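# Breakdown of the fold
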Amino acid sequence: MSQTKHILVTGGAGYIGSHTVIELINAGYSPVIADNFRNSHKSAISGISEIAQQEIILRELDVCDLDSFDKVFNEFSFVGIIHFAALKAVGESVERPLDYYRNNVLGLLNCIELAEKHKVRNIVFSSSCTVYGEPKGEKIVNEKTEMGVANAPYGYTKQIGEQMINDVIQSGADLRILNLRYFNPVGAHPSSKIGELPIGKPSNLLPFVTQTGVGIHDALKVFGNDYNTADGTCIRDYVHVMDVASAHVKGIEWLEKQSNSFVEILNIGTGKGTSVLEIIHTFEEVSGKKLNWEFAERREGDIEEIYADVSKAKKLLNWSNERTVKDAVQDAWNWELKLKNG
Ligand code: NAD
Ligand code: WQD
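Keep in mind that what you see is a predicted model, and the values were worked out from it rather than measured.

Near ligand 2 lie 19 residues; those nearest to it are Ser128, Tyr154, Lys221, Arg236 and Asp302. At a separation of 2.7 Å, a nitrogen atom of ligand 2 approaches a polar backbone atom of Lys221. One nitrogen or oxygen atom from the side chain of Arg299 is found 2.9 Å from an oxygen atom belonging to ligand 2. Across the complex, the protein chains shield 89% of the 690 Å² of accessible surface that ligand 2 would expose by itself. At four residues, the largest contribution of residues to the shell around ligand 2 is made by strand 9 (residues 220-223). Within the shell around ligand 2, the residues separate by chemical class into ten nonpolar, five polar and four charged.

Quick look at the pairing of strand 1 (residues 6-10) now. Counting buried residues in strand 1 gives five out of five residues, a clear majority hidden from the surface. The alternating pattern of strand 1 places His6, Leu8 and Thr10 on one face and Ile7 and Val9 on the opposite face, and all of these are buried. Taken together, strand 1, helix 1 (residues 15-26) and strand 2 (residues 30-35) form a β-α-β motif whose crossover is right-handed. In terms of strand pairing, strand 1 meets strand 4 (residues 78-83) through five bridges, oriented parallel. Of the residues in strand 4, the one forming a bridge with Thr10 is His83.

Neighbouring ligand 1 are 27 residues, the closest being Asp35, Asn39, Ser40, Asn103 and Tyr154. With respect to ligand 1, the side chain of Asp35 contributes an N or O atom lying 2.6 Å from an oxygen atom. In the model, an oxygen atom of ligand 1 is placed 2.8 Å from a nitrogen or oxygen of the Lys88 side chain. Expressed as a share of its isolated accessible area of 820 Å², the protein-covered part of ligand 1 is 96%. Residue assignment for the shell around ligand 1 shows that the elements contributing at least two residues are helix 1, strand 5 (122-128) and helix 6 (153-170). Looking at the shell around ligand 1 element by element, the count peaks at three residues for strand 5. Across the shell around ligand 1, the residue classes break down as 13 nonpolar, nine polar and five charged.

If you trace the seven strands from one edge of the open sheet to the other, you get 3-2-1-4-5-7-12, paired in parallel fashion. For this open sheet the edge positions go to strand 3 (57-60) and strand 12 (262-268), each flanked by a neighbour on one side alone. Here the average twist between neighbouring strands, direction ignored, is 20°. Across seven bridges, the pairing between strand 5 and strand 7 (residues 176-182) is parallel. Counted as the bridge partner of Asn122 is Arg176 from strand 7.

What follows concerns the pairing of strand 12. Most of strand 12 is tucked away, with five of its seven residues classed as buried. For strand 7 and strand 12, the ladder comprises seven bridges, and the chain directions are parallel. The residue bridging Leu178 from the neighbouring strand is Glu264, located in strand 12.

Let's shift gears to the packing of aromatic side chains. Overall, the coordinates contain seven aromatic pairs when judged by the stated rule. Relative to Trp333, the ring of Phe283 has its centre 5.0 Å away and its plane inclined at 90°; by these criteria the two rings are edge-to-face. Of this pair, Phe283 sits in helix 9 (residues 276-287) while Trp333 sits in helix 11 (residues 325-341), placing them 50 residues apart in sequence. Here the two residues Phe283 and Trp333 agree in accessibility, since each one is buried. Grouping aromatic residues by their ring pairs yields a cluster made of Phe69, Phe73, Phe76 and Phe78. The lysine or arginine in question, Arg298, covers the ring of Tyr227, its NZ or CZ lying 3.9 Å from the ring centre.

A few words now on unusual backbone geometry. Positive phi, close to 55°, is recorded for Phe37, a residue that is not glycine. If you trace the backbone, Phe37 turns up in the loop between strand 2 and helix 2 (43-52). With a phi close to 55°, Gln53 is a non-glycine residue in the positive phi region. With respect to the helices and strands, Gln53 occurs in the loop between helix 2 and strand 3. Judged by relative accessible area, Gln53 falls into the exposed class, the value being 68%.

The rules behind these values
- Sequence positions are assigned chain by chain, starting from 1 and proceeding in written order.
- Just so you know, chain letters begin at A and ligand numbers begin at 1, following the order they were written in.
- Per-residue local features are limited, in this predicted model, to residues with pLDDT of at least 70; the limit for side-chain atom pairs, both in listing and counting, is 80 or more; totals at the level of whole chains, interfaces and linings are taken over all residues.
- Hydrogens and water are ignored here; the side-chain numbers use all heavy atoms of the structure.
- Near residues are defined by distance, with any heavy atom within 4 Å of the molecule or strand qualifying the residue.
- Pairs of N or O atoms are called polar contacts if they sit within 3.5 Å, as long as, within protein, a hydrogen donor faces a hydrogen acceptor (for residues adjacent in sequence, only side-chain-to-side-chain pairs).
- Accessible areas in this description were obtained via Shrake-Rupley with a 1.4 Å probe; residue shielding takes into account the shown protein chains only.
- Runs of H or I in DSSP of at least four residues are treated as helices and runs of E of at least two as strands, each being numbered from the N terminus.
- Note on residue categories: nonpolar means Ala, Val, Leu, Ile, Met, Phe, Trp, Tyr, Cys or Pro, charged means Asp, Glu, Lys or Arg, and polar means any other residue, Gly included.
- Each residue's exposure class comes from its accessible area (1.4 Å probe, protein chains only) as a fraction of the maximum for that residue type: buried when under 20%, exposed when over 50%, partly exposed otherwise.
- The crossover handedness rule: strands pointing away from the viewer, path from first strand over the helix to second strand clockwise, crossover right-handed.
- The pairing criterion for strands is at least two bridges between them, as found by DSSP.
- Structural elements are reduced to axes, namely lines fitted to C-alpha atoms, with helices fitted over the stretch in contact, and the angle between N-to-C directions of any two is expressed from 0 to 180 degrees.
- Each aromatic pair joins two rings of Phe, Tyr and Trp (for Trp, the six-membered one) with centres within 6.5 Å, and gets the label stacked for planes under 30 degrees apart, edge-to-face for over 60, and tilted for any other angle.
- Here, over-ring charges are defined by two tests on the NZ atom of lysine or the CZ atom of arginine: distance to the ring centre within 6 Å, and angle to the ring normal within 35 degrees.

As structure tokens, then:
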């Protein structure tokens, strides 16, 4: 009989975590979610359970609380950890920096400390394209592109997280770590049973678009129309959340096969840039609705254009995106309609 392979998924009730739990189950793993629901809803757990047709293992805990976090390591023997748990709202991080440094830096620190203590050698850490800041030259960035100035405390927590991991590996720790730098995860599970559930007014583009589509907001404000891009609006690398999820599964599978200690950084995107106006047009195409939108002032700290060189993820994990931006907008729209209609 094959042995149960438990994976600890901190923040597994959240947006990317919930989709990843599904893909882990599909790949034969047994995920254990550790989440304090600070930025998620219990309904995500029932959604995952419905899709996977099984009970989901959940431990409600704060990863900053070392003692309660330690208990879950005593309870299960993990083959790997995926550490999603963090706060991620850029604007909020400017207002409450200490909250962000405590939660994101201490949470990761505890995670690494307990991984070492319990000899769990495989770790995937959620990093972000935000660590690049505004690209100085090429708009397409690879993992060797120098980190830039973060535009907010949130971005610094990810830079510090990566630095902490580098230092731990440098010190000789017996760990294999993948830092996945996600670009702009969007979309939802095609079943519409789980998706992004922003608490309060969303600051990210796609949830704002779909919420405007169902009438929650009067109009979408497009921040800036005078950028040095083809249509004057900013360009990002939007990647379907199910593709982001599958990158984690491939990441864990790959880590399991390695023997030495290291940290590797991988961009997780599509390699294609899409402008804000292109997202709006795609939304109108898939929904058959006219979106109410208007140009507004530039948003402070916004990056003009950035997208991922994804060749390293392809080479190392044989991972690349399988879904398009249009698929993601369609799934996000179906999810929004499901939320509205129940
Ligand atoms: P999310 O807020 O939906 O999920 C994070 C989950 O972590 C939530 O369920 C929250 O309740 C939980 N959590 C937060 N602090 C915790 C704590 N102290 N203890 C236990 N649970 C805690 O966010 P997401 O979009 O799923 O992002 C997941 C990770 O990916 C984060 O680390 C985020 O910084 C990173 N990331 C996200 C994006 C994005 O655009 N969504 C892009 C790049 C990187
Ligand atoms: C995308 C584009 C906006 C809302 C964020 C985080 C970053 C990382 C990725 C986590 C921009 C425009 C948006 C609106 C708009 N996340 N926009 N009207 O800027 O790439 O960054 O996600 O690590 O840290 O900051 O994503 O979705 O906020 O914006 O015009 O109401 O949409 O100006 O050009 P961004 P976003």
